[in-house]
Amino acid sequence: MTLDRAQAVQGWRCASSEPVTLDVLHGGEGDRPVFYRCRLAEGNAIPGLEAETAGADLSQTSGGAGGWRLAFGDRAEFVADLRLRDLVVMVDAGRHPVDLRGTLDHPATLSGRTHPTGTAVRATRDRGLVVPSPRSGEVQRPAAGLTGTPAGTDEVM
């Protein structure tokens, strides 16, 4: 089910040129439409995130906790002074970033170690920025006070 020319969905400004997709929730009170996804318009702010949200794909995370997933596609965005592609940002109900994943859009030197284009980057609210090294599964710690996890290891949030 889609709606055309939607302006706002649960506080998010969706692009009027793109449809808003709804799903049908089946429950004891009958079927009702619920938000599924939209393409964001200008004017959506994510505290602490420099990336331009216009054009990002917005969807609600599962579990009904009020969280959101923003996928920026192949375009490059600046985050923490790094240019990232394939950026996906998870935000909580207050729109604060909880988890961020992307890949370096260009070689970057952090704390004396150079990482090639395509190196995976992850940041979490609890752990800070993590830049795994492609060599030997080492971890680059890009700044004091931020911690890292070996490549291929997921942190529990």
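In what follows, the accompanying structure is described. Predicted, not measured: the structure shown is a model, and the values here were computed from it.

With respect to the overall build of the protein
The number of helices and strands found in the protein is zero helices and 15 strands. Counting all 157 residues of the protein, 40% fall into the buried class. For the protein, restricting intrachain contacts to residue pairs at least 6 apart in sequence, the fraction spanning at least 24 positions comes to 29%. Of the roughly 8600 Å² that the protein leaves accessible, carbon and sulfur atoms contribute 50%.

Considering the pairing of strand S4 (residues 20–25)
The sheet contact formed by S4 and strand S5 (residues 32–39) spans five bridges and is antiparallel. Its bridge partner being in S5, Val24 is matched across the sheet by Pro33. Hairpin connection of S4 to S5: six residues between the antiparallel strands, including Gly30 at a positive phi of 100 degrees.

Regarding the pairing of strand S10 (residues 97–104)
Two faces belong to every sheet, and in a regular strand the side chains alternate between them. Across six bridges, the pairing between strand S9 (residues 82–91) and S10 is antiparallel. Its bridge partner lying in S10, Val91 is registered against Pro97. Linkage of S9 to S10, two consecutive antiparallel strands, is achieved through a turn of five residues, within which Arg95 is found at a positive phi near 70 degrees. Here S10 runs beside strand S13 (residues 120–124); their pairing, made up of five bridges, is antiparallel. In the strand pairing of S13, Gly102 is matched with Val121.

Considering the environment of Cys14
Inspection of the secondary structure assignment puts Cys14 in the loop between strand S3 (12–13) and S4. Cys14 sits 23 residues away from Arg37 along the chain, and the two C-alpha atoms are 9.3 Å apart.

Calculation criteria
Residues numbered from 1 in each chain as written. Predicted model: local features only at pLDDT ≥ 70, side-chain atom pairs only at ≥ 80, totals over all residues. Heavy atoms only, no water. Helix = DSSP H or I, 4+ residues; strand = E, 2+ residues; numbered from the N terminus. Buried < 20%, exposed > 50% of the residue type's maximum accessible area, 1.4 Å probe, protein only. Contact = heavy atoms within 4.5 Å. Areas by Shrake-Rupley, 256 points an atom, 1.4 Å probe, with all protein chains shown as cover. Pairing = 2+ DSSP bridges.

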